[in-house]
Structures are given as structure tokens and as C-alpha cells.
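The primary structure of each chain is shown beneath.
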Amino acid sequence: MVTRFSPVEELFFHKSGVKKTSTKIPYITVDNFPQLGMFTAFRFLEWVADNPEGVISLPTGKTPEYFIRWTQYLLENWNNAKGKKIREEHGLKIDKKPDLSKLHFVQIDEFYPVSSSQKNSFYHYVNEFYIKGFGLDPDRALLINCDQIPLVDGKKFAEVFPDSIVDLSLRYREAKSKKEKEQQDSIFMIDDWCVKYERKIREKGGIGFFLGGIGPDGHIAFNTRGSDHFSTTRLTGTNFETQAQAAGDLGGIEVSRNRLVITIGLESITYNKEAVAILFAAGEAKAPVVKNALESELSVLYPATVLQALPNSKFYITKSAGVKLKDSVEAYYKTGEWTKEKTERAIIDLCKRINKYGPKLELADLKSDPYCSMIPDLSLDTIQEVMESVQSKLLKGIQQEKNQVFYHTGPHHDDIPLGMQPHVNRILREPSNKSVFSVLTSGFTAVTNRFVTETLDCTKKLLDEGRIQMIKFPDFFESGYKYKWDKDVYHFLLHVASDESLERVRGLCHRVVRAIVEIWAVRDYEELRNTINAILSNIRDSYDGQKNPPKIQKLKGMIREFEEELVWAHSGVQVKNVRHLRLGFYTGDIFTEQPNRERDVTPILEEFRKEKPNVISLALDPEGSGPDTHYKVLQAIADAIRLWNKEADLSELRIWGYRNVWFKFAPSEANVMVPVSLNAMDVLDKSFSDCYLSQVNASFPSYELDGRFSTLAKNIWVEQLETVQYLLGKDYFYTHENPSIRASHGLIFFKEMNVEEFLLHARELEKSMEG
């Protein structure tokens, strides 16, 4: 198939520096996430100019953020000098401003059931950002409004499905009650509605311009792994990966697990054979699904392979999203100077690929490998040099630290434990060291309404029983609530030790009472009761996933802060050394703002000035991988260090960049490898389960594991050990003279940098996000 490029695509393909592609669907790379949005906006407006009454289907979620911003920017600045200049620079050779008002819009998908009035519904998103934001005609829009889909006897979905659970087995079995018969008839009515929706798409000639993201399992729209390539609009279930991804929108996996979806099908997308169908993806986290989609034969395992049938289909991806493509791997090895890191990566990957331990590799193995054969001065000594390099990383990981001040940072609560708790705990055992733990955002989005409701109900019960005695102290509501926060922590952990669960709950409720008195300025017992009732009333009147009022957000955040204090108190860290910075850019909105210096950087700088750390640890995720909070916190820390560097000598400062469940280091990228024993894994698992109370049920899990993040972290550490064992051999570990290495059943990887190296790395990441 000959690749067809539009003028805009031709220019961006040329700018990418890629000479040719070998994939089954063409792709074009850009440097970063904002550029991806800009490119997509240019191509969209180029298509609209040629198809002013065409049929479009555009995505929801966070990935379209810069597409939406750039489309609006271009339309607003079309006729001024700025707009003309940027259009000329990017190949958009259209003089007349495109008119979007005659376009026909098709909504891609929606959860079911979800009210169209909810701000976390896709119906609301489409109306807010596309119908209003782009000036589309609502009368020409084909939308999925769950409130208007007819059900039996004209009832609302809340009446037919009162618990919001739709049992699709009723399609195939006999209804066992009057209620089930009502639900069964309603499901068939929804099915009829979906058929009509599909017919309306086809009556319009099919979708002319389709833009979509790609899910963690490779899904397009909600066509998850295993979907029929000839599927049409339908009511259907989802898989765990999709439910985990949706948990943040819907208020927890408990909700998303029970929601069905209405989605257009794969044939709905490919019905118009001349359609321009674009999937875009950003960040290394999407690299595996991008590889599967672009390099695989047609398969239901990889829904995006259906786009092979469309001559105008393409992937637009950031360079990091394409790092696993064969083209990119070859470019990595063939472009630029050869480095030590390339040698390590080539040999370690070879060991795993041919299932052969490093000590048993032969020179012929290296010479027959397309990448190892490129190593300069290749010999058997090369293998030994790589093995010695990795061994030195391991020895660095068990090196004793003394007389140091450590300032450990986490974007969210639990990031530090999941990234490097075993290493941190060893440091804490040395009394000459000082460690401070600083969580930079409130983290309130991780606490479900259900958890707060259960906690407040327990608090009321304890108040009724007179078991929260501190409120009886005469000065409690004036100032007493500010003191003895350490006592709440000690009380809780004392009863972890004695295995008294009710007393643990009482420790939590003590802290919640203090938080409520502080946030709401409560003055007496009666006002405390009334405030708790008001909070419960507000939450019970909210839908799952609804943004809470600021004071309830703060209460949720303070619950997370208590949890973090509990974790580090396991190792004797006092509350005063667990800092809660609550940076202001973290708002819980779908598109969050960037950090600014006065509000978000200054508090970090003040902490560095005060503590004067020798070591700063931070989450070092690549662009587009995991929560965007990680990237934003990284830039705020980098700016603080940049400013601090102007007023102090930081030549001895070390920066430890760690990763956790959101993304992993390759062994060749990390320069420190920390052995993790079974005992250390148990400590992580126990402290996580005992202390991160709001996270034990994994309401917002990773799509990689249906379970707690602590389990996923352990799995990653074990996997990292297995990779290094391929190079060094298992016997290197179990026969080693050092007991820490002999006890290794996992490995933590991190990257130690000096200030110059870190700021250079941060600047590269910053440039990757500029737009």
C-alpha cells in the first residue's frame, strides 16, 4: 500500500527525521506531547477545509488536551500575523478560516449508565470542549445521552437499574422476576437504540475524520482486546485494564467495574473506506501497545490493526511512544556515537532474548546479533566489562551512608515507599543520618467518597460513645487540636502491633476530628457533629467521581497525609519530619495547570534552604508515562534546585531519581541497583496494608495488576532481578560473600546524578513538554 500524505503530514513527516517506516500502518513521530496536539490540530483543520460538511468523531480524556488548545488557538488567531506565520511554518496552506459549524459530530462512546448532567460523563466533555469549544452545531451532533435512551414504560435508568448494574446475561437467559423482566426488556431497547445510532452514522456516509487515543490494552473507543473487527455500535462490558483506566473518572474501580459502555464498533470506524483515521499516543507508557498495533498482523488481540484496511489511516506518536518499534530500536543503535549504555543494553537484551546467561555467552552469539555486532572492538572481554559494570552498580546499592541529610520527595503519597522503601529503611537505621519525607501534592483524588463516608460514620459512633476524649479538654477547640498529632500515629501503630482493629480505627478518627476542627474552624462539640453531618450530606448528594468542594478535598488530603506519617513512623520518623507541601497546581481538574514559581517552587526552595540536604530523591518518570503530576512536580523541584544553586555551593549534592509502578528503568539506564530481601518486601507489603488505609482496596489500581500497588512494586523488583540474573548468572547472587546480595530476591533500580546532570535531564524533559 502506498502511503498517502497530506501537505501538513508531509511537512511533519519530513521534520521527524524518519526516512522510511516499515510498519503495517504508517506513523509520523513528533518530539513531545504538545507538538502531538499541534500536529493533530493542523491536520484536522486541513481536513475540515476540504470537507466543511464532513462527519467527525473526536476523543475524550486527557490525551486531546493540546489538540483542543491548538485548534482553538488557530481559529482565534487565524487572520492575525501570529496565526498566519504559524500556519505557514507548519504547512497549513489555507487562506480562508475553516467554518466548523456545518460539520456533523459523532460521539465515540459513553459509560452506561451515567447521567448526561455529570461532569465526568463523556456527553458533558463533548458538549464543553467540542460543541461549545469548537463552535459546532448541536443539531448536527449525534450524541450518546444516557438520560434520553428509552427504557421500558418510559422509566429512567435509575428506576430500572437502581444500583447502576446492568446484567447482560439477561440477553441470553430467562428473567427470574418482574424486576429482571423489566431490565431484560430495557436492555433490548438499548440494543435497538444502538442499532439506530449505527444506522444514523451510516446514513451520514460513515465517519470521515476519526481521531482516537489507544488504551492500555490497545482499545480504540471501548473496543477492547478481543473485539470483532466487524463490530458495530453496542452496549458491552469492558476488561480490567479499561476499568482501571476509568477508575479516576468514575470515582474508583468499585464503580468502573460495574459500569458498562456504549461504544461505536471497529466497523463503525472503518465503514467509510476513504476515512482519515488517526490514533495518537504520547509517552513511553504507550510504547508496547503502539508496537503491537503497528507491527502485528490483523488480530482481535490488537484492535488497532483493523486500521490496516483504511488507506488514509495513520498513527501520530511522540518519539517516546515509538521507542519499542523495530524502526526506533534500529535508529537508537545506528544513530549518533556508540555509548557504554548501548553496549550494556545490547548484551543484556541478547541474554534475555536467546535465554542464555552472560557467563555462557560466546563471541559467535554477539556477532550474529544485529545490535551486539555493532559494538566497537567486540570481543569476549566486552561481556566481562558489562558484567563488571553491573556488579559495580550492585555494590553501590549496598554502600553504607553516614552523616547525611536526605530529603525524599514524592509527587503523591506512597510514591517514595513504592519507589525505594527498602533502601530508605536501611538509611534510617543509621542514627547519624537525618531523613525528611516531603509529599508535594495533597493527593485527595485517591480517597474515595465511600472511604470518607465510612470513616465519618465511625467517627460519629465513637463520639456518641464518648471514646474521643480529647474533645472534652477545655482548650481543645481553641488550640488543643493542634497538639499531639504524633500521639495519633503512635496510638494507631500500637494497635497494629496488638492487632486491635477497632483501636486502629479510633486512631484514624482522632486525626479526622483534628482535621475537621482545623479546616472548618469548629468551635464546640455540637458544631463538630453538625459539620460531620454536613460533610456526609454533601458526599451522599454527590455522584461518584464528582469534584468535591475545596474543604472536603482538603479533608481527603489530610487523611492521605496521616497515612504517610504512619508509614514512616514504622521506622521511627516523627510527624515533624514528614512534610505536606500541597502545591497549588494540583486541583483535580481534567486539564491541570503548570506549576508556577511563586506558588509552587518557592515552598520547595524554602525547604531546601532550611534542611540543606546532601541527597534529594525524586520521581524521574519519562514524559507521558504515569500521572502528569509526576512530571509537574519534577519541574517544580528542578526549578527550586536551579534557584538554590545560585545561592549555595551544590557541588556535592546528589540527586536520586527513582521510578515505581508507573514506569521502570532499563538496567542500562540505572547506575545504582539495590538488593531487596524477602524481609524488605514483607515490610513494604505490611506497612502499605496497615497504613495506606484508603488504598488497601486498590480503588485506583494500575492497569497492570488487579490488586495493591505494593504487590505490583514487588513484582517489578523481582522482574528486575531476573533481568540482571540473565547477565550475571543466578549463582553470582546465592554464592556472593555479601549477605545483602545473597538475600536478594528483587532489585531496585535508580539513577544517581549530580546537580548539573539532573538539571540537564530536567531541561530535556521540560523541552519535551513545551508547546
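Quick look at the structure, then. Keep in mind it's a predicted model, so treat the numbers as computed, not measured.

1. Overview of the overall build of the chain
The helix and strand inventory of the chain stands at 28 helices and 17 strands. A globule of 771 residues ought to have a C-alpha radius of gyration of about 28 Å, and the chain, at 28 Å, matches this closely. With the C-alpha coordinates aligned to their principal axes, the bounding extent of the chain is approximately 80 × 75 × 60 Å. Out of the 771 residues belonging to the chain, those deemed buried represent 58%. Intrachain contacts of the chain at a sequence separation of at least 6 include 79% that bridge at least 24 residues. As presented, the chain carries roughly 32,700 Å² of accessible surface, and 49% of it is formed by carbon and sulfur atoms. Of note, the chain has its 100 positive side-chain charges centred 1 Å away from the centre of its 108 negative side-chain charges.

2. Quick word on helix H22 (residues 597–611)
The terminal C-alpha atoms of H22 lie 20 Å apart, and with 15 residues this matches the ideal 21 Å at 1.5 Å per residue to within 8%. Every buried residue of H22 is listed here: Asp-600, Val-601, Ile-604, Leu-605, Glu-607, Phe-608 and Glu-611. Two to three positions downstream of the cap, the backbone nitrogen of Glu-598 sits 3.3 Å from a side-chain oxygen, assigning the N-cap of H22 to Asn-596. Looking one or two residues past H22, Lys-612 carries a phi angle of roughly 50°, positive in sign.

3. Considerations on the pairing of strand E1 (residues 27–30)
What you see with E1 is no split at all: Tyr-27 and Thr-29 on one side and Ile-28 and Val-30 on the other are buried throughout. When E1 meets strand E10 (residues 313–318), the two strands line up parallel, connected through four bridges. Bridge pairing in E10 links Ile-28 to Tyr-316.

4. A few points about the nonpolar core
Residues Ile-471, Ile-516, Leu-528, Leu-555 and Trp-568 are the most contacted members of the largest nonpolar core, which totals 73 residues. Non-local contacts of Leu-528, meaning those with residues more than four positions away in its chain, are made with Leu-463, Ile-471, Phe-477, Val-513, Ile-516 and Val-522. Ranked by size, the runner-up nonpolar core spans 62 residues in total, among them Met-387, Ala-640, Leu-721 and Phe-758.

5. Observations regarding helix H25 (residues 709–728)
Over its 20 residues, H25 extends 29 Å from the first C-alpha to the last, a length consistent with the 28 Å expected when each residue adds 1.5 Å. Count one or two residues on from H25 and you reach Gly-729, which has phi positive near 90°.

6. Some remarks on the sheet that holds strand E17 (residues 746–753)
Strand pairing in a sheet relies on backbone hydrogen bonds, with the paired strands running either antiparallel or parallel. Strand order in the open sheet made by the seven strands is E13-E12-E11-E14-E15-E17-E16, with mixed pairing throughout. Of all the strands in the sheet, just strand E13 (578–580) and strand E16 (672–676) have a single pairing partner and so form its edges. This sheet shows a mean twist of 25° between the axes of neighbouring strands, independent of strand direction. Pairing geometry for strand E12 (residues 434–439) and E13, over three bridges, is parallel. In the sheet register, Phe-437 faces E13, and the bridge partner there is Val-578. Sitting on the sheet, H22 is in contact with strand E11 (405–410), E12, E13 and strand E14 (615–619), with an inclination near 160° to E11.

Rules behind the numbers
Residues numbered from 1 in each chain as written. Predicted model: local features only at pLDDT ≥ 70, side-chain atom pairs only at ≥ 80, totals over all residues. Heavy atoms only, no water. Helix = DSSP H or I, 4+ residues; strand = E, 2+ residues; numbered from the N terminus. Rg over C-alpha atoms; globule rule 2.2 N^0.38 Å. Buried < 20%, exposed > 50% of the residue type's maximum accessible area, 1.4 Å probe, protein only. Contact = heavy atoms within 4.5 Å. Areas by Shrake-Rupley, 256 points an atom, 1.4 Å probe, with all protein chains shown as cover. Lys, Arg positive; Asp, Glu negative; His and termini not counted. Charge placed at Lys NZ, Arg CZ, Asp CG, Glu CD. Expected span 1.5 Å × (residues − 1). Polar contact = N/O pair within 3.5 Å; in protein donor to acceptor, adjacent residues only side chain to side chain. Pairing = 2+ DSSP bridges. Core = buried A, V, L, I, M, F, W, Y, C linked by side-chain atoms within 4.5 Å. Axes fitted to C-alpha atoms, helices over the stretch in contact; angles between N-to-C directions.

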